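# Topology and contacts: notes
What follows is each chain in one-letter form.
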Amino acid sequence: MASSHSSSPVPQGSSSDVFIKKEVDPTKHIRPVQSLPDVCPKEPTGDSHSLCVAPSLVTDQHKWTIYHSKVNLPAALNDPRLAKRESDFFTKTWGLDFVDTEVIPSFYLPQISKEHFTVYQQEISQREKIHERCKNICPPKDTFDRTLLHSHDKSRTDLEQVPKLSHYLDIVEVNIAHQISLRSEAFFHAMTSQHELQDYLKKTSQAVKMLRDKIAQIDKVMCEGSLHILRLALSRNNCVKVYNKLKLMATVHQTQPTVQVLLSASEFVGALDLISTTQEVLQQELQGIHSFRHLGSQLCELEKLIDKMMIAEFSTYCHSDLNRPLEDDCQILEEEKLVSLVFGLLKQRKLNFLEIYSEEMIITAKNIIKQCVINKVSQIEELDTDAVTKLADQMRMLNFPQWFDLLKDIFFKFTVFLQRVKATLNIIHNVVLSVLDKNQRTRELEEISQQKNAAKDNSLDTEVAYLIQEGIFVSDAFSENELTPITIDTTSQRNASPNSEPCSSDSVSEPECTTDSSSSKEQTSSSATPGGVDIMVNEDMKLTDLELGKLVNNIQELLYSASDICHDRAVKFLMSRAKDGFLEKLNSTEFITLSRLMETFILDTEQICGRKSMSLLGALQSQANKFVNRFHEERKTKLSLLLDNERWKQADVPAEFQDLVDSLSDGKIALPEKKSGVTEERKPAEVLIVEGQQYAVVGTVLLLIRIILEYCQCVDNIPSVTTDMLTRLSDLLKYFNSRSCQLVLGAGALQVVGLKTITTKNLALSSRCLQLIVHYIPVIRAHFEARLQPKQYSMLRHFDHITKDYHDHIAEISAKLVAIMDSLFDKLLSKYEVKAPVPSACFRNICKQMTKMHEAIIDLLPEEQTQMLFLRINASYKFHLKKQLSHLNVINDGGPQNGLVTADVAFYTGNLQALKGLKDLDLNMAEIWEQKR
């Protein structure tokens, strides 16, 4: 047996399986099972889940059923008269899919050919040869029973006697009879038992028949009526469902006309809600309805059409809103329409509608400037519009007051334009925020619901554990408690949609006709826009928080962009007027007026939009820089001309300059306003009074003070040029210091003005002028410091450098005055001789020169400076006198020479102390004598 198993012709499954199974794609050969519509539904007899279509042994035992039929469905389908039957007999009843198809061969049974046994034959051939060889060498032993061999041979003989098939039955019957004779006892015993078994079956059949009769009577009396009632109730429920389904189909059938009505009233959101609701109903409750098979695609096309209509309507709205007259007081045009359009666009995820609004803003800004220019040019009769056709050229022909009024009008209309844009964007912003808020609240409600469900599950687990512990059936407990949660859920769903209308007045049909999609769409949230329009937010706004957040940021950026657009257009308008150097030719008053107008517009737009636009500010800064350069060059040129014509003589101080200085006494720098009307004529003063001190000055310094105040006031008028003005003012002050030094100390005035010589009075007057400028430098510094940013305070070091330069210049002038007297002392005392008369001619000459010096500076310099100067001059005098006495060998010995020198010195001291302001001067003349040898 082992060898027979090992040599079995059935191949074993292995990696080298000789059977090659054809790969068959089930999707290509297996037809999907399709359910046929129940055109002839069976009569329900109870619960739909417990009904059985098989015949009942009780009720159907005496009735004819389909199971008594001798012709079945395959026989009908295999009718040989198929050609005579109508081809659409089944298709018109059961659908287009019920057609004849070819029977596909089973892909589980491979096609076997001789090639499949080739490998097996190759493997078994060697064993077969060995087997034949062994059989020839060792013949089989004769171990069989002769009797069996004889019977075997006889049977073989009998089989061999069947030449024809007609004899086969006789031979088989003889063999059967032989076999029965061999087992005759068992056969007759079975026959005896068969009679007894038939008696038992007969009694059993009678008992079963009696039982069936009794059961049939019981069924007729006790069950048939109840079952009939159940069938009627089920039939009624089915009829109600059919009625509700038909009513729902009638409602869906009215979708397209209703959408058309809504679109005619621009109710895009309502139309989109109706389309989405209808699509959900078609997919969930009316799926497979043949009459609605094309409605879904029609609604999709209609939804695409609504998208195009909303975009076109929004573009029209933007054009109408932004291009209406700016004199109109209404901030928002048709707010309800705007809210509806925005909701529709958000619902359809058309988030690029802000680009349409942005493009319309650019066009409107261009039109505002163009219309303003046209209106202004048309009002001026002096302009020859026929000769100059281009609008830009006509605008350039306006003078400054006309052009300034035009610019003011443009700025005003831009401000109104931005206010309208802000109001419109606020409505859009509120709509987006309401949707975002609804998303967040919905998410919070879902989290709360999940927490409640988790708590409910925990409590249910606890209850189950308690029931198990008490020995109660858990299924019974659940069946008792299942109704309560369902009722609560149904009630909550109905309460959540108070605005929903029932599909029927029938109380039974009410829960059937309300779908999940329709009930969910009725749950909305309301908010209000600044204009008072209520915003209803649907739950089907399937926008993420990230998308809504980006949209909110884009709205804010669009408001910034509106401000930038207005500023850019204003810059282009300014640049078109500045091509011929018009702005650079403006005087200070005109430019300051223009600057203030532009700064006011910049502040207004910043207040409206929340961010400062830099383009117009940059243009203003550029023009301001040009203005500052021209301002500085004009005043520097003017100062240069004044210095080149200055003869360095004391000038009278007009009353207006004294008033100008008096206005600076409180530390505030500002040019006094010119008084209108007739003013009394006041005589000019000899000196300038500054905080109780007298300053004798030249005319150039008076004008320089006024120029300095113009710089300071320009900073107040144009704060953006503070740093540039500080640099230019520092340059101006340095220029005055260096140029005055060249003209006076350097004696440049001799060639420039034609002075014969630079006198001590010129030097003293120059020093006093410098001191006046130094006096006002701290005031100027404080003025600029109050208008600089803290990070710009380092620029104030320029004033420290200027102060040091001026002090150095003043010190050089003082040194020059001392040097003049020093050279005089050296010249006179070198010829001094100690002899009569007393006082000597040398000392008389020295006292005369000292008196001239005193007369030259006493009215120019203050008393303390005069005393300090004469102390230095006296030191020089003592040095030269001591040197000459040492040369003459005159000592303090009380001799005649000593007496002559003492008399001359006493004369010098008396004359010097007799001068104004030098009475208390300590000359200390005793130092001229050397110690007695």
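Residues numbered from 1 in each chain as written. Predicted model: local features only at pLDDT ≥ 70, side-chain atom pairs only at ≥ 80, totals over all residues. Heavy atoms only, no water.

## Here's the deal with the overall build of the protein chain
The helix and strand inventory of the protein chain stands at 31 helices and four strands. The buried share among the 933 residues of the protein chain stands at 33%. As displayed, the protein chain has an accessible area near 58800 Å², and 55% of this comes from carbon and sulfur atoms. (Helix = DSSP H or I, 4+ residues; strand = E, 2+ residues; numbered from the N terminus. Buried < 20%, exposed > 50% of the residue type's maximum accessible area, 1.4 Å probe, protein only. Areas by Shrake-Rupley, 256 points an atom, 1.4 Å probe, with all protein chains shown as cover.)

## Let's talk about the environment of threonine 700
Looking at the element boundaries, threonine 700 is found in helix α24 (residues 699–717). Take threonine 700: its relative accessible area is 2%, and that puts it in the buried class. Taking C-alpha positions, threonine 700 is 5.9 Å from leucine 642, a pair spaced 58 residues apart along the chain. Beyond its immediate chain neighbours, meaning those up to four positions away, threonine 700 contacts Leu639, Leu642, Leu643, Glu646 and Phe736. (Contact = heavy atoms within 4.5 Å.)

## Comments concerning the nonpolar core
In summary, soluble globular proteins display a tendency toward joint burial of nonpolar side chains. Within the largest apolar cluster, 198 residues are counted, with the highest numbers of intra-cluster contacts made by Trp403, Ile773, Phe784 and Tyr877. The element that contributes the greatest number of residues to this core is helix α15 (residues 400–470), accounting for 20 residues. Excluding anything up to four places from it in sequence, phenylalanine 784 contacts Cys712, Val715, Thr722, Met725, Leu726, Leu729, Leu796 and Phe799. (Core = buried A, V, L, I, M, F, W, Y, C linked by side-chain atoms within 4.5 Å.)

## Digging into the environment of aspartate 580
Within the secondary structure, aspartate 580 is located in the loop between α20 (545–577) and α21 (588–609). Judged by its relative accessible area of 41%, aspartate 580 is partly exposed. In the structure, aspartate 580 is positioned 184 residues away from arginine 396 in sequence and 8.5 Å away in space, judged by C-alpha atoms.

## Focus: the side chain of threonine 760
Among the secondary structure elements, threonine 760 is positioned in helix α27 (residues 760–785). With relative accessibility at 16%, the residue threonine 760 sits in the buried group. Those residues in contact with threonine 760, other than ones at most four positions away along the chain, are Leu817, Ile820, Met853, Ala856 and Ile857.

## What to know about unusual backbone geometry
In this model, alanine 836 is joined to proline 837 through a cis peptide bond whose omega is 5°. Here proline 837 is to be found in the loop between α28 (797–829) and α29 (841–857). Here valine 838 and proline 839 are connected by a cis peptide whose omega angle stands at -5°. When you line up the elements, proline 839 lands in the loop between α28 and α29.

## Focus: the pattern of salt bridges
Counted by the stated rule, this structure contains 12 salt bridges. For glutamate 132, the salt bridge goes to lysine 135, with nearest N and O atoms at 3.6 Å. Here the residue glutamate 132 and the residue lysine 135 both occupy positions in helix α5 (residues 118–137), the gap between them amounting to three residues, near one helical turn. A relative accessible area of 32% places glutamate 132 in the partly exposed class. Look at lysine 135 and you get partly exposed, because its relative accessible area is 43%. Of the charged contacts in the structure, one is a salt bridge between lysine 835 and glutamate 833, with a shortest N-O distance of 3.0 Å. (Salt bridge = Lys/Arg side-chain N within 4 Å of Asp/Glu carboxyl O.)

## Focus on the state of the cysteines
All told, the structure shown has zero disulfides when counted by the stated rule. In this model cysteine 609 remains outside any disulfide bridge; the closest cysteine sulfur is found in cysteine 566, 7.5 Å from its own. According to the relative accessible area criterion, cysteine 609 is buried, its value standing at 2%. Free of any disulfide, cysteine 712 has its nearest cysteine sulfur in cysteine 714, 10.0 Å distant. (Disulfide = S-S within 2.5 Å.)

## Examining a nonpolar patch on the surface
A cluster of nonpolar residues, Ile176, Ile180, Phe187, Phe188 and Met191, forms a patch on the protein surface that exposes about 480 Å² of accessible area. For the nonpolar patch, the secondary structure elements donating two or more residues are α7 (168–182) and α8 (184–253). When residues in the nonpolar patch are grouped by element, the largest group, three residues, is from α8. Mapped onto the fold, isoleucine 180 is located in helix α7. (Patch = residues over 30% accessible without salt bridge, like charges linked within 9 Å, V, L, I, M, F, W, Y side chains within 5 Å.)

## Details of the packing of α21 against helix α22 (residues 615–644)
Between α21 and α22, whose axes approach to 11 Å, the crossing angle comes to 160°. By the angle between their axes, α21 is roughly antiparallel relative to α22. Two packed elements cross with a definite hand, and for α21 against α22 that hand is left-handed. Side by side, α21 and α22 meet where Ser588, Phe591, Ser595, Met598, Glu599, Phe601 and Ile602 of the first sit next to Leu616, Leu617, Leu620, Gln623, Ala624, Phe627, Phe631 and Arg635 of the second. (Axes fitted to C-alpha atoms, helices over the stretch in contact; angles between N-to-C directions. Parallel < 35°, antiparallel > 145°, perpendicular 65-115°, else oblique. Left-handed = near helix turned anticlockwise from the far one by under 90°.)

## Overview of the packing of aromatic side chains
Aromatic rings considered in pairs are described by the distance between their centres and by the relative angle of their planes. This structure, assessed with the given rule, holds 13 aromatic pairs. Between the aromatic rings of tryptophan 403 and phenylalanine 573, the centroid separation amounts to 5.9 Å while the plane-to-plane angle is 5°, which identifies the pairing as stacked. Taken as a pair, tryptophan 403 in helix α15 and phenylalanine 573 in helix α20 lie far apart in primary sequence, 170 residues in all. A residue is classified by how much of its surface remains accessible, and tryptophan 403, at 0% relative accessible area, is buried. For phenylalanine 573, a relative accessible area of 5% gives the class buried. Through a chain of ring-to-ring contacts, the aromatic side chains of Phe825, Tyr832, Phe843, Tyr877 and Tyr908 assemble into a single cluster. It is arginine 768 that lies over the ring of tyrosine 695; its NZ or CZ is 3.8 Å from the centre. Over the face of the ring belonging to phenylalanine 907 we find arginine 844, whose NZ or CZ atom lies 5.8 Å from the ring centre. (Phe/Tyr/Trp six-rings, centres within 6.5 Å; stacked < 30°, edge-to-face > 60°. Lys NZ or Arg CZ within 6 Å of the ring centre and 35° of its normal.)

## Digging into α29
The end-to-end C-alpha distance of α29 is 25 Å, a good match for the 24 Å that 17 residues give at a rise of 1.5 Å each. Along α29, the residues classified as buried are Cys842, Phe843, Ile846, Cys847, Met850, Met853, His854, Ala856 and Ile857. Against the buried residues of α29 lie α27, α28, α30 (863–888) and α31 (896–913). (Expected span 1.5 Å × (residues − 1).)

## Let's talk about the confidence of the model for the protein chain
In this model, the protein chain carries an average pLDDT of 75, and 72% of its residues clear a pLDDT of 70 or more. Note on residues 1–53: pLDDT under 50 across the span, and 37 contacts to partners over four residues away in sequence or across chains. Note that pLDDT drops below 50 for residues 530–535; the model gives that stretch 20 contacts with residues more than four away or on any other chain. (pLDDT = per-residue confidence, 0-100.)

## Observations regarding the packing of α28 against α29
At a minimum axis distance of 10 Å, the contact between α28 and α29 shows a crossing angle of 170°. Here α28 is positioned roughly antiparallel relative to α29, judged by the angle of their axes. Considering only the axes of α28 and α29, their crossing is right-handed. From α28, Leu817, Met821, Leu824, Phe825, Leu828 and Leu829 reach across to α29, where they touch Cys842, Asn845, Ile846, Gln849, Met850 and Met853. Counted by class, the contact of α28 with α29 contains 10 nonpolar, two polar and no charged residues. (Nonpolar A, V, L, I, M, F, W, Y, C, P; charged D, E, K, R; others polar.)

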